[in-house]
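Examining the three-dimensional arrangement
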There are 2 protein chains.
Amino acid sequence: MAGNVKLSVAGPGGGGVADKRIACRDCTLFQLCLPLGIGEDELALLDEVITARRSLKRGETLFRGGAPFHAIYAVRSGSLKTYTIMQDGREQVTGFYLPGELVALDAISLGRHPSSAKALESSSICEFSFQDFERMGVRVPGLQRQMLRVMSRELLNDELLLLLLGKKSAEERLAAFLLSLAIRFRQRGFSATDYNLSMSRSDIGNYLGLAVETVSRLFTRFQQDGLLRVERRRIRIHDIDRLSLLAGDTALSGSQRIDSAEVPQGER
Amino acid sequence: MAGNVKLSVAGPGGGGVADKRIACRDCTLFQLCLPLGIGEDELALLDEVITARRSLKRGETLFRGGAPFHAIYAVRSGSLKTYTIMQDGREQVTGFYLPGELVALDAISLGRHPSSAKALESSSICEFSFQDFERMGVRVPGLQRQMLRVMSRELLNDELLLLLLGKKSAEERLAAFLLSLAIRFRQRGFSATDYNLSMSRSDIGNYLGLAVETVSRLFTRFQQDGLLRVERRRIRIHDIDRLSLLAGDTALSGSQRIDSAEVPQGER
DNA sequence: GACTATGATTGATCCACATCAATAATCGGC
DNA sequence: GCCGATTATTGATGTGGATCAATCATAGTC
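Helices and strands together make up the secondary structure of chain A, namely seven helices and eleven strands. Relative to its 268 residues, chain A shows a buried fraction of 57%. Nonlocal contacts in chain A, meaning residues at least 24 apart in sequence, comprise 74% of its contacts between residues at least 6 apart. For chain A, the exposed area adds up to about 11,000 Å²; of that, 50% sits on carbon and sulfur atoms.

The structure is reproduced here in structure tokens:
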């Protein structure tokens, strides 16, 4: 029963590396992914740059850190994690990606993947040739615009995570993380209060800069406090308001909200 | 003598908000800033979207978190810090910006500035209307390309910082930070081993997720170990190799280097 | 050129979370 | 449906760096 977060669109598990295409306009992710704000006929063009569709099983690698960069990937179903590895072997999980989110944006500048990406469960991925994509951007201005927006949003996510790692307590971190997932699931039409974690405790801890044990303890504490129920990887949030409160106001990557006007403390 | 990092290009301090323009092609930052890879005549166009030049004195705010987003800024001389403020008043410094770097890229997606920006010293700033900029991107493909690269690089920086905050010790963090500055100064034609910090100890600590006291102690320790000499805000690095070693290999935001091919640990 | 505010250093103490250790619950494979 | 291997929980102990508290240095200010 591993598969959560399954969108109806996922190709049948069978296929090899590239399985049969579905036009972008017919994709369930239609509104989440790039195409947003692109005209009907331009959409056909977008289909052109989709090099391949790939199916990954849990634990399989999409690309490795250090590898030359050619393509950007969109998650269609399932989920991925990205991570970098330090020379001493320590690993830092840098992000989790849900359906409709783009992976490998950090590779553009260097022309190499600074991080690796791995499937957390069976997943289906769209692969865009970046070269084609750029060429196409010339003809379809909306595409470039949207791309800038997506990247800016990603920047924002990282900033929130920075705030989390730099300033927040373990409790605040986990609360913010769970809240972030809730919001992202809701955006995708799933329940915000009842979902499955596709990542291990250790991935969560790594991502949040905490030890596995701490994550585990917090889960049981949250449960004792009546905030939520956790059973293995299933999360059921009972009191999302209190969870928000615990998280401070940083809803890590779901945020449409803005710090309510910073205090103008007179320039100093 | 507060003023370090001064590029010869900086307009005379006098001017009010917007002082006399200098064409992009005549700017010392020419190669660092956006124009890279843009043709001669297209450069003239870029000048068009520069709404204003602004001079900021130390401590002055360029924009505030929450404010509507209209423009992107390029640092011409001096330096800025960006930071967000949590509802409880705690502040997280999210970045330091040197000449040639672009500020406010994280504001594009929401149409509001998620963070605030403040001058660390007297600084001169180019302001680009983002609307004009996007319109212009249609005509000048190279501009969009470059913009994607700049944003991707920024993403990369954040990831490295994430790694720093999530996994590294206080010592590693400060070493990586000093190294990062060294590399960025060198890119700008300054000495990599002898420079002035424009930010306070407290800004550094905040940025790195450390207490001021810890930063201070580390500075004196580094000095005792013969790594560098620090006198107030002046840094003189004696043994940059050892500093790199201390930093792990994460040279935070200077990195042109890539984790030397991650170990292929067989999928699991 | 003394005065005050701010920033930096140094020392003493404390605590949140890591680390170590053991056990328990699940999962995947055949 | 059993077995070894992960993954998760729970407890005991340790520590890196935060926090608290002085003192000192520097930079503005009138």
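On to the relation of the copies chain B and chain A, then. In screw terms, the move from chain B to chain A is a rotation of 180° and a rise of 0.0 Å along the axis, fitting with an RMSD of 0.0 Å. Expressed as a symmetry operation, the mapping of one chain copy onto the other fits a two-fold axis. Mapped onto chain A, 100% of the interface residues of chain B again fall at the interface, so both copies present the same surface.

Turning next to the protein's contact with DNA strand C. Taken together, 17 residues surround DNA strand C, and among them Ala170(A), Thr214(A), Arg201(B), Arg217(B) and Thr220(B) come closest. Between DNA strand C and Ala211(A) there is a distance of 3.1 Å, counted from a phosphate oxygen to a backbone nitrogen or oxygen. In the environment of DNA strand C, a base oxygen lies 3.1 Å from a nitrogen or oxygen atom belonging to the side chain of Arg217(A). Of all the secondary-structure elements, those providing two or more residues to the surface near DNA strand C are α6 (212–224) of chain A together with α6 (212–224) of chain B. The element that contributes the greatest number of residues to the surface near DNA strand C is α6(B), accounting for four residues. Partitioned by chemical class, the residues of the surface near DNA strand C number three nonpolar, six polar and eight charged.

Residue and element names in this part refer to chain A. Remark: helix α4 (residues 170–187) packs on α6, axes separated minimally by 10 Å, with the N-to-C direction vectors making an angle of 75°. Between α4 and α6, the angle falls in the class roughly perpendicular. Between α4 and α6, the contacting residues are Ala-170, Glu-171, Leu-174, Ala-175 and Leu-178 on the first element and Thr-214, Val-215, Leu-218, Phe-219, Arg-221 and Phe-222 on the second. Class assignment of the residues belonging to the contact of α4 with α6 gives a composition of eight nonpolar, one polar and two charged.

Another aspect to go through is unusual backbone geometry. One non-glycine residue, Arg232(A), lies in positive phi territory at about 55°. Position of Arg232(A) relative to the elements: it lies in the loop between β10 (228–231) and β11 (234–237).

The next thing to look at is the protein's contact with DNA strand D. Within the structure, DNA strand D sits among 18 residues, and Arg201(A), Ser216(A), Thr220(A), Ala170(B) and Thr214(B) are positioned closest to it. Among all atoms of DNA strand D positioned within 4 Å of the protein, those belonging to sugar or phosphate total 67%. Residue Gly209(B) places a main-chain N or O atom 3.2 Å away from a phosphate oxygen belonging to DNA strand D. Between DNA strand D and the protein, one listed contact pairs a base nitrogen with a side-chain N or O atom of Glu213(B) at 2.9 Å. Those elements that place two or more of their residues in the surface near DNA strand D are α5 (201–208) and α6 of chain A together with α6 of chain B. Tallied by class, residues from the surface near DNA strand D come to three nonpolar, seven polar and eight charged.

Okay, the sheet that holds strand β8 (residues 123–129) of chain A next. Residue and element names in this part refer to chain A. If you walk across this open sheet you meet the four strands as β1-β8-β3-β6, and the pairing is antiparallel. The sheet is open, and its two borders are formed by β1 (50–56) and β6 (102–103), each paired with just one other strand. The pairing of strand β3 (residues 71–77) with β6 spans two bridges and is classified as antiparallel. Along β6, the bridge assignment pairs Tyr-73 with Val-103. Taken strand by strand, helix α1 (residues 40–49) contacts β1 and β8, and its axis lies near 60° from that of β1. Here helix α2 (residues 130–139) sits on the sheet and contacts β3 and β8; the angle it forms with β8, its principal contact strand, is near 60°.

Burial along β10(A) is one-sided: the residues Leu228(A) and Val230(A) are buried and none of Arg229(A) and Glu231(A) is. Taking the residues between adjacent antiparallel strands as the criterion, β10(A) and β11(A) are bridged by two residues, where Arg232(A) takes a positive phi near 55°.

Turning our eyes to something else, we now look at the packing of helix α5 (residues 201–208) of chain B against α6(B). Each pair of packed helices gets described by two things: the angle between the helix axes and the distance between those axes. All names here are of chain B. It is the contact of α5 with α6, at a shortest axis distance of 8 Å, that shows an interaxial angle of 105°. As judged from the angle between their axes, α5 and α6 are roughly perpendicular. Here Arg-201, Ser-202, Ile-204 and Gly-205 of α5 lie close against α6, whose contacting residues are Val-212, Val-215 and Phe-219. Partitioning the contact of α5 with α6 into residue classes produces four nonpolar, two polar and one charged.

Residue and element names in this part refer to chain A. Tallied over the entire structure, the rule returns 16 aromatic pairs over all chains. Ring plane angle 50° and centroid distance 5.2 Å describe the contact between Phe-69 and Phe-130, whose orientation is recorded as tilted. Of this pair, Phe-69 sits in the loop between β2 (61–63) and β3 while Phe-130 sits in helix α2, and the two are 61 residues apart along the sequence. Residue Phe-69 is classed as buried on the basis of its relative accessible area, which comes to 10%. The exposure class assigned to Phe-130 is buried, which follows from its relative accessible area of 6%.

This next bit is on the interface of chain B and chain A. Listed by partner, the interface residues are 65 residues for chain B and 65 residues for chain A. Between chain B and chain A lies a buried interface of about 6,100 Å² when both sides are counted; carbon and sulfur atoms form 58% of it. For the pair chain B and chain A, the interface holds six salt bridges. With its nearest N and O atoms 3.0 Å apart, the salt bridge here joins Glu172(B) to Arg90(A). Counting only elements with at least two residues in the side of chain B that touches chain A, the list comes to β4 (80–85), β5 (91–97), β7 (116–119), α2 (130–139) and α3 (141–167) of chain B. A per-element tally of the side of chain B that touches chain A places α3(B) first, with 20 residues. Across the side of chain B that touches chain A, the residue classes tally to 23 nonpolar, 20 polar and 22 charged.

Calculation notes
- Residues numbered from 1 in each chain as written.
- Chains lettered and ligands numbered in written order.
- Predicted model: local features only at pLDDT ≥ 70, side-chain atom pairs only at ≥ 80, totals over all residues.
- Heavy atoms only, no water.
- Helix = DSSP H or I, 4+ residues; strand = E, 2+ residues; numbered from the N terminus.
- Buried < 20%, exposed > 50% of the residue type's maximum accessible area, 1.4 Å probe, protein only.
- Contact = heavy atoms within 4.5 Å.
- Areas by Shrake-Rupley, 256 points an atom, 1.4 Å probe, with all protein chains shown as cover.
- Least-squares fit on C-alpha atoms with pLDDT ≥ 70 in both.
- Near = heavy atom within 4 Å.
- Polar contact = N/O pair within 3.5 Å; in protein donor to acceptor, adjacent residues only side chain to side chain.
- Nonpolar A, V, L, I, M, F, W, Y, C, P; charged D, E, K, R; others polar.
- Axes fitted to C-alpha atoms, helices over the stretch in contact; angles between N-to-C directions.
- Parallel < 35°, antiparallel > 145°, perpendicular 65-115°, else oblique.
- Pairing = 2+ DSSP bridges.
- Phe/Tyr/Trp six-rings, centres within 6.5 Å; stacked < 30°, edge-to-face > 60°.
- Buried area = accessible area lost by both parts, 1.4 Å probe.
- Salt bridge = Lys/Arg side-chain N within 4 Å of Asp/Glu carboxyl O.

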